[in-house]
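In case you want the letters, here they are:
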Amino acid sequence: MPGIDVPKRRLGKNGPLVPAFALGSWNTWDRMRPDDAVTMVRRAVEVGVAFFDVAYYNMGPHEEHSRTDILFGEAIRAAGVARKDYQVCGKLWLWEYPKLNFRQQIETSLERAGLDRFDTLVVGDYFGAPDMEPVVAGVYELIAAGLVDSWGINNWHFVHTRQALDFADKASLVGPSFAQLKYSVVRRSMAEGAEYSALFADGTLGLQASDCLEGGILAGRGVPARKIGADVGAIRERIYAAAPKLKQIADEFEASPVQLALAFCLANPNVANLLFGASRLEQLEDNLGTIALLNRAGGRIRPALADLRLDQHVRSDGVW
């Protein structure tokens with residue numbers, strides 16, 4: 001696909017400049033053959049979307065002990081890509097914090113992926129909110145040690161994100177620069193709600209959109225055969241019913257449902273970056289077609305999809 005010009009956006013005021021697309025890791029690299037993974041990595045570098053979300057899924061709801069992070073590391077090395085030519089976002093989990101401290105987690109994650117540092121990282125969600133002051137201080141220790149450059153949060157209650165930002169400012173530490181939130185044609189509550197939108201609008205945080213395709217449901221693939229993200233607001237059955245409507249509207253734009261769903265997210269100026277879990281090269285190529293769709297029809301996309309929102313009843317502050 002010649003002539004692809006993937007935009008780059010700042011991932012919050014303290015965050016890195018990143019491509020609009022990032023390849024996610026959950027149940028991704030372990031769904032590919034090794035040679036296909038290498039091809040995927042090389043293509044991502046070639047078209048300027050070499051930003052990879054990588055994690056060791058080993059605790060809490062993600063106690064799967066998958067090898068996806070190890071397989072990513074093997075693929076990036078086999079592809080022969082220089083470290084300066086790609087970015088990696090890691091993850092820290094709060095499920096067993098502070099029993100398992102951040103330094104232990106990050107060193108294990110880096111070792112498994114064969115990396116020396118993360119460009120940025122996401123601090124995951126929680127059952128019962130920990131004290132945000134030691135969380136911020138703990139992440140800063142990783143930054144000071146050169147293991148990571150910046151960080152963001154994943155689906156935190158807004159009040160805790162605000163606490164983290166305020167403490168970082170007061171203590172002259174590095175606070176979160178972005179929020180990774182569920183955001184899609186059908187799920188808009190947190191990403192477009194008043195609380196987080198204010199921080200996006202003034203540049204305090206960048207928005208990293210995740211679960212943009214609802215585990216493939218919005219791509220028209222039906223009931224997923226694998227574990228996918230949480231169904232906040234219990235709207236999944238309605239999402240299945242909405243997928244054919246998305247396809248109908250996509251046909252009117254002469255685009256695929258995936259392209260239209262991703263274009264909806266990127267047409268929001270607050271979105272710095274979005275994650276997708278492409279596990280086949282043809283999926284990546286289809287996703288890249290989103291850029292051409294935005295260029296020719298950007299102003300018409302969001303109005304055409306206004307009626308597909310399904311989570312109006314979900315609180316926008318992240319309290320579910």
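Up top you'll find the structure we're talking about.
Residues numbered from 1 in each chain as written. Predicted model: local features only at pLDDT ≥ 70, side-chain atom pairs only at ≥ 80, totals over all residues. Heavy atoms only, no water.

1. Here's the deal with the overall build of the protein
Test applied: Note on conventions: DSSP H or I runs of at least 4 residues are helices, E runs of at least 2 residues are strands, and numbering of each starts at the N terminus. Between the two quantities, the radius of gyration covers C-alpha atoms and the globule rule is 2.2 Å times the number of residues to the power 0.38. A 1.4 Å probe rolled over the protein chains alone gives each residue an accessible area, and that area as a share of the maximum for its type sets the label: buried under 20%, exposed over 50%, partly exposed in between. Residue contacts are defined here by distance: any two heavy atoms, one from each residue, within 4.5 Å place the two residues in contact.
For the protein, the helix and strand inventory stands at 10 helices and 10 strands. In terms of C-alpha radius of gyration, the protein reaches 19 Å, essentially the compact-globule figure of 20 Å for 320 residues. The C-alpha extent of the protein, read off along each of the three principal axes, is 50 × 45 × 35 Å. In the protein, which comprises 320 residues, the proportion classed as buried is 58%. Nonlocal contacts in the protein, meaning residues at least 24 apart in sequence, comprise 79% of its contacts between residues at least 6 apart.

2. A look at the pattern of salt bridges
The condition that has to hold: The term salt bridge refers to a pairing of a side-chain nitrogen on Lys or Arg with a carboxyl oxygen on Asp or Glu at a separation within 4 Å.
Applying the stated criterion across every chain, the model contains 22 salt bridges. Residues Glu-214 and Arg-187 are paired through a salt bridge, measuring 2.4 Å at the closest nitrogen-oxygen approach. A residue pair is termed long-range when its members are at least 10 positions apart, and Glu-214 in the loop between strand E9 (206-210) and helix H8 (236-252) and Arg-187 in the loop between strand E8 (178-182) and helix H6 (189-192) qualify at 27 residues. Pair check on accessibility: Glu-214 and Arg-187 agree, each one buried. When salt bridges that share partners are traced, they join Arg-83, Arg-117, Asp-119 and Asp-149 into one network.

3. Things to note about helix H5 (residues 158-171)
Rules: Given the number of residues in a helix, its expected span is that number minus one, multiplied by 1.5 Å.
Taking 1.5 Å per residue as the helical rise, H5 with its 14 residues ought to reach 20 Å, and the 20 Å between its terminal C-alpha atoms agrees with that figure. Taken together, the buried positions of H5 are occupied by Phe-158, His-160, Thr-161, Ala-164, Leu-165, Phe-167 and Ala-168. Contact partners of the buried residues in H5: helix H4 (132-144), strand E7 (148-154) and helix H7 (194-201). Phi turns positive, to about 55°, at Ser-172, one or two residues after H5.

4. A look at the pairing of strand E6 (residues 118-123)
The line we're drawing: When the strands point away from the viewer and the connection leading from the first strand across the helix to the second strand turns clockwise, the crossover is called right-handed. Strands qualify as paired when DSSP identifies two bridges or more between them.
For E6, the buried fraction is high: six of the six residues fall into the buried class. At this point the chain moves from strand E5 (residues 87-92), through helix H3 (residues 102-113), to the parallel E6, and the crossover so formed is right-handed. Where E6 lies against E7, five bridges are found, and the strand directions are parallel. Across the sheet, Val-123 pairs through a bridge with Ile-153, a residue of E7. Handedness of the β-α-β unit built from E6, H4 and E7 comes out right-handed.

5. Thoughts on the packing of helix H9 (residues 257-266) against helix H10 (residues 281-304)
Rules: To get an axis, a line is fitted to the C-alpha atoms, and for a helix only the part in contact is used. The angle between two axes follows their N-to-C directions and goes from 0 to 180 degrees. Reported orientations rely on four angle classes, namely roughly parallel under 35 degrees, roughly antiparallel over 145, roughly perpendicular from 65 to 115, and oblique for the rest. Each helix crossing is assigned a hand: it is left-handed if the near helix lies turned anticlockwise from the far helix by less than a right angle, otherwise right-handed if that turn is clockwise. Three classes are used, and their members are as follows: Ala, Val, Leu, Ile, Met, Phe, Trp, Tyr, Cys and Pro are nonpolar, Asp, Glu, Lys and Arg are charged, and the others, Gly among them, are polar.
Running from amino to carboxyl end, H9 crosses H10 at an angle of 60°, the nearest separation of the two axes being 8 Å. Taken together, the axis directions place H9 and H10 in an arrangement best described as oblique. Like other packed secondary-structure pairs, H9 and H10 cross with a definite hand, here right-handed. Packed against H9, whose contacting residues are Val-258, Gln-259, Leu-260, Leu-262, Ala-263, Phe-264 and Leu-266, the element H10 presents Asp-286, Asn-287, Gly-289, Thr-290, Ile-291, Leu-293, Leu-294, Ile-301 and Arg-302 at the interface. A breakdown of the residues in the contact of H9 with H10 according to their chemical character gives 10 nonpolar, four polar and two charged.

6. Let's talk about the nonpolar core
This is how the line gets drawn: To qualify as a nonpolar core, a set must consist of buried Ala, Val, Leu, Ile, Met, Phe, Trp, Tyr and Cys residues joined through side-chain atoms within 4.5 Å.
In this structure, Phe-52, Trp-156 and Tyr-196 are the most contacted members of the largest nonpolar core, which totals 99 residues. Leu-11, Val-18, Ala-22 and Phe-51 belong to the second largest nonpolar core, which has nine residues in total.

7. Here we look at the layout of surface pockets
The criterion, for reference: The method works on a 1 Å grid over the protein atoms by themselves. A cavity is a set of points holding a 1.4 Å probe that cannot get out, a pocket is an open set with protein on both sides within 12 Å along at least five of seven lines, and residues with an atom within 4 Å of a point line them. Grid points are joined across faces, edges and corners, and a volume is the space filled by probe spheres set on the points.
Taken as a whole, the second largest pocket spans an internal volume of roughly 170 Å³. In terms of lining, the second largest pocket is formed by 13 residues, of which the most central are Lys-13, Asn-14, Leu-165, Ala-168 and Asp-169. Split by residue class, the lining of the second largest pocket holds six nonpolar, four polar and three charged.

8. Remarks on the side chain of Lys-91
Operational definition: Under the rule applied, a polar contact is a pair of N or O atoms within 3.5 Å (in protein, one hydrogen donor and one hydrogen acceptor; residues adjacent in sequence only if both atoms are side-chain atoms).
One can find Lys-91 in strand E5. Of the polar contacts made by the side chain of Lys-91, one reaches the side chain of Asp-53; its length is 2.6 Å. When neighbours within four sequence positions are excluded, Lys-91 is seen to be in contact with Asp-53, Val-54, Ala-55, Tyr-57, Leu-121, Val-122 and Gln-180.

9. Details of the pairing of E9
Most of E9 is tucked away: five of the five residues are buried. One ladder, built from five bridges, connects E8 with E9; its direction is parallel. Opposite Lys-182, over in E9, you have Ser-210 as the bridge partner. Bridging between E9 and strand E10 (residues 271-276) involves three bridges; their strand directions are parallel. The residue of E10 that forms the bridge with Gln-208 is Asn-273.

10. Here's the deal with the packing of aromatic side chains
Note on aromatic pairs: each is described by the distance of the centres and the angle between the planes. Our working definition: Stacked, edge-to-face and tilted are the three classes for Phe, Tyr and Trp ring pairs, Trp counted by its six-membered ring, which pair at centre distances within 6.5 Å; planes under 30 degrees apart are stacked, over 60 edge-to-face, the rest tilted. A ring has a charge above it when a Lys NZ or an Arg CZ is no more than 6 Å from the ring centre and no more than 35 degrees off the ring normal.
Applying the stated rule across the entire model yields 13 aromatic pairs. A centroid spacing of 5.2 Å and a plane angle of 85° characterise the contact between Phe-158 and Tyr-196, whose relative ring orientation is edge-to-face. Of this pair, Phe-158 sits in helix H5 while Tyr-196 sits in helix H7, and the two are 38 residues apart along the sequence. In this structure Phe-158 comes out as buried when scored by relative accessible area, which is 16%. Judged by relative accessible area, which is 0%, Tyr-196 ranks as buried. Taken together, the aromatic side chains of Trp-29, Phe-52, Phe-72 and Tyr-86 make up a single cluster linked through ring pairs. In this structure, Arg-302 packs its charged tip against the face of Phe-264, placed 4.3 Å from the ring centre.

Don't take any of this as a statement about function, it's just geometry.
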